[in-house]
Amino acid sequence: MIKLAILASGNGTNAQAILEAVKSGELQADVKVVLTNKPQAGVIARAAKFGVPVEIIPSKGIKDRDVYDAAVVECLEKYGVDTIALAGWMRILSNTFLDAFPDRIINLHPAILPSFTGGTGIQDAFDYGVKITGCTVHLVTPVLDAGPIIIQAGVPVGNDVDALEAQIHRMEHIIFVQALKWFTQDRLSVTGRKVNLAPAAQDVTLCSVIEGCLINPPIEK
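Residues numbered from 1 in each chain as written. Predicted model: local features only at pLDDT ≥ 70, side-chain atom pairs only at ≥ 80, totals over all residues. Heavy atoms only, no water.

Visitor: Is there a simple way to explain the layout of surface pockets in this structure?
Guide: Any space left empty among the atoms is revealed by the rolling of a water-sized probe across them. Considered as a void within the structure, the largest pocket measures approximately 870 Å³ in volume. Gly88, Trp89, Met90, Leu108 and Pro110 are, among the 39 residues lining the largest pocket, the residues nearest its centre. The set of elements that each furnish at least two residues to the lining of the largest pocket consists of α1 (13–24), β5 (105–109), α5 (121–128) and α6 (161–184). Here the lining of the largest pocket is built from residues that sort into 17 nonpolar, 17 polar and five charged. (1 Å grid on protein atoms, 1.4 Å probe; cavity = no way out; pocket = protein on both sides within 12 Å on 5 of 7 lines; lining within 4 Å. Points joined across faces, edges and corners; volume = space filled by probe spheres on them. Helix = DSSP H or I, 4+ residues; strand = E, 2+ residues; numbered from the N terminus. Nonpolar A, V, L, I, M, F, W, Y, C, P; charged D, E, K, R; others polar.)

Quick look at the structure:
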């Protein structure tokens, strides 16, 4: 069972989706701590409802990423964490962080990478006029939003950016939990840039379309 830390800077809906999956038994993980860099982040109250420890390490005014990340790593090591889920963590990780958890950091991005990197992926895709955007779960590497891709969901783009954002968030909750399930089952390996998914140990039902959104690899139920 993985010993998971969830890092989030905002409202924390993806953190809640993970915590709900753990509570229901869908996801076999031990969430050791939820950590935020924002003292007023909504994720704090969400984590508290599940009885998960919360650590607040404010980042405002700290310009040296290595200095800040060293403090975060020290905190996480106290909880015996071995895997990191970045669920809306609005900071670029330094090598100090990456070296502490090599190949054990998973990020969620609100676009179909490698398109529309950075913190405004939904708005950028909408403004560009693409017909399909979505979300991506990937392993974290030193290059921003460039790590090997685990799973993606394609979301049709309509005329309402708020509706698009809501739909992307719904898909995020689904694919992030699925990626973590594969991680806990030790079924992921990486060849070059490609993430390989080993077959399930038992029969599963595959679902590749949810609410009109294409998901690849398919969700397993």
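That was the structure; now back to the text.
Visitor: What exactly am I supposed to notice about the pairing of strand β10 (residues 206–210) here?
Guide: Side-chain positions along a regular strand alternate between the two faces of the sheet. In terms of strand pairing, β10 meets strand β11 (residues 213–220) through four bridges, oriented antiparallel. Following the sheet pairing, Val209 is matched in β11 by Leu214. Linking β10 back to β11 in an antiparallel pair, the connection comprises two residues, with Glu211 at a positive phi of about 55°. (Pairing = 2+ DSSP bridges.)

Visitor: What exactly am I supposed to notice about unusual backbone geometry here?
Guide: It is generally the case that most residues other than glycine have a negative phi and that most peptide bonds are trans. Omega for the bond connecting Leu113 with Pro114 falls within 30 degrees of zero, at 15°, which places this linkage in the cis form. Note that Pro114 resides in the loop between β5 and α5. Asn216 connects to Pro217 through a cis peptide bond whose omega is -10°. Residues other than glycine seldom take positive phi values, yet Asp103 does so here, at roughly 60°. Relative to the helices and strands, Asp103 is located in the loop between α4 (95–100) and β5. Of note, the phi angle at Phe116 is positive, near 55°, even though the residue is not glycine. With respect to the helices and strands, Phe116 occurs in the loop between β5 and α5.

Visitor: Sorry if this is basic, but what is going on with the nonpolar core here?
Guide: Side chains that are nonpolar tend, in soluble globular proteins, to be buried together. Of all hydrophobic cores here, the largest spans 48 residues; its most connected members are Ile6, Ile18, Val137, Ile150, Ile151, Ile175 and Phe176. The element contributing the most residues to this core is α6, with ten residues. Setting aside residues up to four positions removed in sequence, Ile18 forms contacts with Leu4, Ile6, Leu27, Ala85, Phe176, Val177 and Leu180. By size, the runner-up hydrophobic cluster in this structure holds 20 residues, among which are Ile84, Leu86, Trp89 and Phe101. (Core = buried A, V, L, I, M, F, W, Y, C linked by side-chain atoms within 4.5 Å. Buried < 20%, exposed > 50% of the residue type's maximum accessible area, 1.4 Å probe, protein only. Contact = heavy atoms within 4.5 Å.)

Visitor: Just to check I follow, could you spell out α1 for this structure?
Guide: Since there are 3.6 residues in each turn of an α-helix, residues three or four apart along the chain are aligned in direction. Taking 1.5 Å per residue as the helical rise, α1 with its twelve residues ought to reach 16 Å, and the 16 Å between its terminal C-alpha atoms agrees with that figure. Every buried residue of α1 is listed here: Asn14, Ala15, Ala17, Ile18, Leu19 and Ala21. For α1, the elements touching its buried residues are β1 (2–7), β2 (29–36), α2 (43–49), β4 (83–86), β5 and α6. A positive phi of about 90° marks Gly25, the residue just after α1. (Expected span 1.5 Å × (residues − 1).)

Visitor: Is there a simple way to explain α6 in this structure?
Guide: Relative to the 34 Å expected for 24 residues at 1.5 Å per residue, α6 spans 34 Å between its end C-alpha atoms, a close match to the ideal helical length. A side-chain oxygen of the first residue of α6 lies 2.8 Å from the backbone nitrogen of Asp162; this N-cap is Asp160. Downstream of α6 by one or two residues, Asp186 has phi in the positive range, about 55°. (Polar contact = N/O pair within 3.5 Å; in protein donor to acceptor, adjacent residues only side chain to side chain.)

Visitor: Whenever I open this one, the pattern of salt bridges confuses me. Can you help?
Guide: Note on pairing: side chains with opposite charge can pair once their charged atoms come close. Enumeration over the complete set of coordinates arrives at five salt bridges. For Glu211, the salt bridge goes to Arg170, with nearest N and O atoms at 3.0 Å. One end of the pair, Glu211, is in the loop between β10 and β11; the other, Arg170, is in helix α6, with 41 residues separating them in the sequence. Its relative accessible area of 39% is what places Arg170 among the partly exposed residues. (Salt bridge = Lys/Arg side-chain N within 4 Å of Asp/Glu carboxyl O.)

Visitor: Is there a simple way to think about the packing of aromatic side chains in this case?
Guide: Note on aromatic pairs: each is described by the distance of the centres and the angle between the planes. For the coordinates displayed, the defined rule picks out two aromatic pairs. The positively charged end of Arg91 is found above the aromatic ring belonging to Tyr68, 4.3 Å away from the centroid. (Phe/Tyr/Trp six-rings, centres within 6.5 Å; stacked < 30°, edge-to-face > 60°. Lys NZ or Arg CZ within 6 Å of the ring centre and 35° of its normal.)

Visitor: So what exactly am I meant to see when it comes to the environment of Lys194 here?
Guide: On the secondary structure map, Lys194 appears in strand β9 (residues 194–197). Judged by relative accessible area, Lys194 falls into the exposed class, the value being 63%. When the C-alpha positions of Lys194 and Gly147 are compared, they lie 9.6 Å apart, and in sequence the two are 47 residues distant.

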